[in-house]
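Residue strings, one per chain:
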Amino acid sequence: MIFTAIPYGTGSRWALGAIILVHQSVYNEIGATTTLFAILLAALSATFSAICQSATKKTTNVGYLRSNHKCDFLLLFLTLWMDILALLASCAALARTLSTCLDTMTGGMARMWILGRNSSPNEPWPDVIGVSVVFLVSGMFMLGLENTKIFSCLMISGVLGIVGQLGIVTWLQGDESEWHKPTWFSQGLPGLLIGASLVAFSFPAEMPSQSKYNRLTGMLIILVVTFTNVLTAACLSTLVHFNAERDFLAVPVFKILSYVDLTKVIPAMACLLVLACSGALMELFPEMYSLIVKLTTTEWKILAKQIGYESRDSGSPVLAIFTGGSLCAMLAFACPMENLIYILAGSHLMASIFRSLFLLYTPYRPKCVQHPESSLAYTRLQSATQPTPQSLPTSASTSRRLWCFRRASTVAANVTKSRLQKKPQDEELEREWLLLGEPPSPRCLEHPERNEDAESSILSDEGDQAQVSEDSTTDIDAIVDEYRQKVKVSMAGPMDKNQKTPSITSWRASLIGILCILCGTASVIVGVIYQDVIFLSSGLAGGFFANILLFCLPRHNLQHGQVSSLTATLSLILSCVLLTATLDHSWAALVFWITAGFIFCIRCDTWCCLCLDRTTISAHSHIIPNVSAKLDNLRQRSVNGIHLPGRIPAHR
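Fair warning: this is a prediction, and the values are worked out from it, not measured in the lab.

### Some words on the packing of aromatic side chains
The geometry of an aromatic ring pair comes down to the distance between the two centres and the angle between the two planes.
Now for step 1: According to the stated counting rule, one finds 9 aromatic pairs in the structure shown.
Now for step 2: With a centroid separation of 5.4 Å and an interplanar angle of 45°, the aromatic rings of phenylalanine 37 and phenylalanine 185 are classed as tilted. Placement of the pair is phenylalanine 37 in helix H2 (residues 32-58) and phenylalanine 185 in the loop between helix H7 (149-173) and helix H8 (188-199), with a sequence separation of 148 residues.
Now for step 3: Given a relative accessible area of 27%, phenylalanine 37 falls into the partly exposed group.

Set out below in structure tokens:
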């Protein structure tokens with residue numbers, strides 16, 4: 001079906017753009033006519049950004065990048081980090097919209113009952129209702145609420161109801177005076193860029209690319225979102241006359257309806273807004289805390305594993321939901337709506353910039369990350385050959401099957417063997433794997449006797465008592481060394497000998513080309529800001545010739561999700577140009593969030609994770625059964641225990 005190809009979160013982004021972002025751009029920022037053309041520019045930028053994001057998800061192996069390529073890992077982490085900020089700002093904007101709608105439905109008495117005083121209808125502070133909405137949603141997800149299709153249907157119904165109501169109001173009270181002005185661009189090119197940057201989040205974040213049918217589905221989704229936003233802006237152009245000196249309103253549609261003397265429609269519009277915002281919040285909030293959980297996995301190792309703990313009762317990551325809900329509540333509590341939409345736009349564009357830089361650099365690196373599908377796998381080998389069981393005579397086996405009678409010597413031998421296999425070390429190994437946070441026990445349920453030898457060959461250097469060949473010992477040592485260093489080896493398949501792979505020389509040439517693209521992007525930004533054709537044309541020409549250079553260089557052929565350097569370059573240029581229009585209101589938040597991300601990443605790579613690795617090694621060394629000569633009494637009793645550093649067991 002067509003719905004299976006739609007990425008998760010597309011509907012919520014579409015709803016947020018149609019009922020909030022377009023209204024804010026029309027009433028508070030640049031006017032309806034400029035917004036209508038800005039939507040087309042935002043659709044072009046969002047298409048390239050969605051293609052890049054789909055390619056990033058298919059061609060990356062985060063564990064390999066973390067071990068070998070710190071620069072690439074940093075770019076991917078900052079991309080994910082900025083996506084989290086964008087989702088936090090979007091959830092906070094929805095909470096503030098819900099707060100205003102709920103207060104409007106009560107006739108403006110809700111805040112008076114809560115605060116005990118009258119408050120301004122334009123974004124009161126503190127926004128107690130918005131914080132209550134966020135904590136209510138967080139509690140529901142902690143208890144196991146799951147987003148179902150019914151919420152999506154309600155959200156779509158609310159958005160279509162709002163757009164339809166605007167169309168009816170336009171038919172009754174609309175005029176065309178806004179289109180008879182001498183110019184449609186009241187603020188010129190900067191206003192066009194502001195509108196495009198604000199509306200860019202409403203388009204799909206990913207572009208389905210598994211097949212030609214899915215690509216057509218992705219383009220159809222972008223066309224539907226563009227048509228809805230253009231229709232909303234066109235309806236508002238007949239109802240709103242833009243004035244740059246007008247006060248900023250959190251939900252301007254109520255003021256617009258009061259202008260055209262349709263105050264009776266305001267409660268119905270508020271109900272539809274509550275319906276649409278609730279459905280969008282039910283989609284964006286799980287997407288936000290799922291990214292927080294992603295940072296706790298063994299591939300990323302940025303946040304503690306305890307944050308991603310899932311409750312046994314509800315199956316939800318309680319700590320991750322609480323963390324995301326707390327950050328969202330703080331934004332909804334103290335951050336005005338104007339700053340929220342600019343932070344949302346800036347963080348979304350910054351994520352696109354980091355993603356484009358990653359896709360420009362990765363294919364030309366001498367060592368490229370390969371696909372997760374691997375044709376080479378390492379398994380734990382046996383340290384000794386198992387003795388083959390002695391075959392019983394035919395008569396004895398037949399009698400055992402028929403009568404279940406066995407000789408006394410056979411019973412004694414089996415009992416002795418079972419006693420030797422059941423060692424106290426099994427329980428200690430289970431405790432070790434639980435304490436170290438590893439997923440399951442390393443023992444195999446089907447062949448326990450083989451895995452005991454395998455574990456002893458990996459964990460203990462003194463446990464090898466079997467006679468093995470010299471080549472097998474070398475192979476086992478290499479595997480143990482790679483296991484301890486947590487190196488992941490993967491092969492994408494047989495490589496073509498005739499295909500040229502990147503070398504050090506070609507890599508340096510690609511760096512020069514990427515540097516030329518960055519300089520061309522800076523030149524385009526300067527040309528847009530100062531409206532200088534020379535800087536603009538020179539920047540575009542420099543980026544074009546740099547792409548020709550990159551096209552001639554050898555690159556890794558990543559079969560799935562391949563993106564050309566021209567696509568990544570266009571995404572980079574458009575995102576950087578749109579970002580410059582939002583920095584006046586969002587630079588402080590972006591700098592703070594990026595700095596916090598740098599601290600997280602550098603601290604984990606420099607101190608935190610290295611300390612965890614040392615702890616793991618020391619834990620292995622102390623968990624190994626103590627068989628030294630100084631503890632002969634413990635060896636005689638065959639007692640194996642877990643000894644903590646600095647504590648020596650007392651002698652009896």
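### With respect to the environment of leucine 239
Now for step 1: Relative to the elements of secondary structure, leucine 239 occurs in the loop between helix H9 (212-237) and helix H10 (252-259).
Now for step 2: A relative accessible area of 5% places leucine 239 in the buried class.
Now for step 3: Taking the C-alpha atoms as reference, leucine 239 lies 6.9 Å from aspartate 175; in sequence the two are 64 residues apart.
Now for step 4: Apart from residues no more than four positions distant in its own chain, leucine 239 is found in contact with Leu166, Val169, Thr170, Gln173, Gly174, Ile256 and Val260.

### Let's talk about helix H20 (residues 533-552)
Since the α-helix turns once every 3.6 residues, residues separated by three or four places project in the same direction.
Now for step 1: Its 20 residues place the ends of H20 29 Å apart at the C-alpha level, agreeing with the 28 Å of an ideal helix rising 1.5 Å per residue.
Now for step 2: Looking at H20, one finds that the buried residues are Gly539, Gly543, Ala546, Asn547 and Leu550. Summarising the axial view, the buried residues of H20 lie within an arc of 105°, below the 170-degree limit, and thus occupy one face. Among the exposed residues of H20, those pointing more than 90 degrees away from its buried face are Val533, Ile534, Phe545, Phe551 and Cys552.
Now for step 3: The inward-facing, buried residues of H20 contact helix H13 (337-361), helix H19 (504-530) and helix H21 (565-580).

### Quick look at the packing of H10 against helix H11 (residues 266-294)
Now for step 1: The interhelical angle for the contact between H10 and H11, taken along N-to-C directions, is 160°, at an axis separation of 10 Å. When the axes of H10 and H11 are compared, the pair comes out roughly antiparallel. Both H10 and H11 take part in a crossing whose hand is right-handed. Residue-level inspection shows Val253, Phe254 and Leu257 of H10 in contact with H11, the latter providing Ile266, Met269, Ala270 and Leu273.
Now for step 2: The class makeup of the residues in the contact of H10 with H11 is 7 nonpolar, no polar and no charged.

### Here's the deal with the side chain of arginine 365
Now for step 1: In this structure, arginine 365 sits in the loop between H13 and helix H14 (394-403).
Now for step 2: Under the relative-accessibility criterion, arginine 365 is labelled buried at 3%.
Now for step 3: Aside from chain neighbours lying at most four places away, what touches arginine 365 is Leu65, His69, Asp72, Pro502, Trp507 and His556.

### Here's the deal with the nonpolar core
Now for step 1: Counting 151 residues, the largest nonpolar core has Met82, Phe203, Phe254, Leu273, Leu295 and Trp300 as the members making the most contacts within it.
Now for step 2: In this structure phenylalanine 203 touches Arg13, Ile39, Ala42, Ala43, Ala46, Ile222, Val225, Thr226 and Asn229, once residues within four positions along its chain are discounted.

### What to know about the pattern of salt bridges
Charged atoms that come close allow side chains of opposite charge to pair.
Now for step 1: According to the stated counting rule, one finds 3 salt bridges in the structure shown.
Now for step 2: Between aspartate 83 and arginine 355 there is a salt bridge whose closest N-O contact spans 3.2 Å. Of the two residues, aspartate 83 sits in helix H4 (residues 70-105) while arginine 355 sits in helix H13, which places them 272 residues apart along the sequence.
Now for step 3: In this structure arginine 355 comes out as buried when scored by relative accessible area, which is 4%.

### With respect to helix H12 (residues 318-334)
Now for step 1: Under the 1.5 Å per step criterion, the end-to-end length of H12 is 24 Å for 17 residues, consistent within 8% with the ideal 24 Å.
Now for step 2: Those residues of H12 that fall on the buried side of the exposure criterion are Ala320, Ile321, Gly324, Gly325, Ser326, Cys328, Ala329 and Ala332.
Now for step 3: Looking at the buried positions of H12, the neighbouring elements they touch are H4, helix H6 (128-142) and H11.

### Digging into the environment of alanine 32
Now for step 1: Summarising the element assignment, alanine 32 is placed in helix H2.
Now for step 2: Residue alanine 32 is classed as buried on the basis of its relative accessible area of 3%.
Now for step 3: Once the C-alpha coordinates of alanine 32 and serine 186 are considered, the two residues, 154 residues apart in sequence, prove to be 9.9 Å apart.
Now for step 4: For alanine 32, the residues in contact, after removing those within four places along its chain, are Val26, Ala233, Leu236 and Ser237.

### Describing unusual backbone geometry
With glycine set apart, most residues show a phi of negative sign, and most peptide bonds adopt trans.
Now for step 1: For aspartate 261, which is not a glycine, the phi torsion comes out positive at approximately 60°.
Now for step 2: Positionally, aspartate 261 belongs in the loop between H10 and H11.
Now for step 3: Residue aspartate 261 is classed as exposed on the basis of its relative accessible area of 67%.
Now for step 4: Despite not being glycine, glutamine 531 has its phi angle at roughly 55°, a positive value.
Now for step 5: Its location among the elements puts glutamine 531 in the loop between H19 and H20.

Conventions adopted
- Residues numbered from 1 in each chain as written.
- Predicted model: local features only at pLDDT ≥ 70, side-chain atom pairs only at ≥ 80, totals over all residues.
- Heavy atoms only, no water.
- Phe/Tyr/Trp six-rings, centres within 6.5 Å; stacked < 30°, edge-to-face > 60°.
- Helix = DSSP H or I, 4+ residues; strand = E, 2+ residues; numbered from the N terminus.
- Buried < 20%, exposed > 50% of the residue type's maximum accessible area, 1.4 Å probe, protein only.
- Contact = heavy atoms within 4.5 Å.
- Expected span 1.5 Å × (residues − 1).
- Arc of directions from axis to C-beta.
- Axes fitted to C-alpha atoms, helices over the stretch in contact; angles between N-to-C directions.
- Parallel < 35°, antiparallel > 145°, perpendicular 65-115°, else oblique.
- Left-handed = near helix turned anticlockwise from the far one by under 90°.
- Nonpolar A, V, L, I, M, F, W, Y, C, P; charged D, E, K, R; others polar.
- Core = buried A, V, L, I, M, F, W, Y, C linked by side-chain atoms within 4.5 Å.
- Salt bridge = Lys/Arg side-chain N within 4 Å of Asp/Glu carboxyl O.

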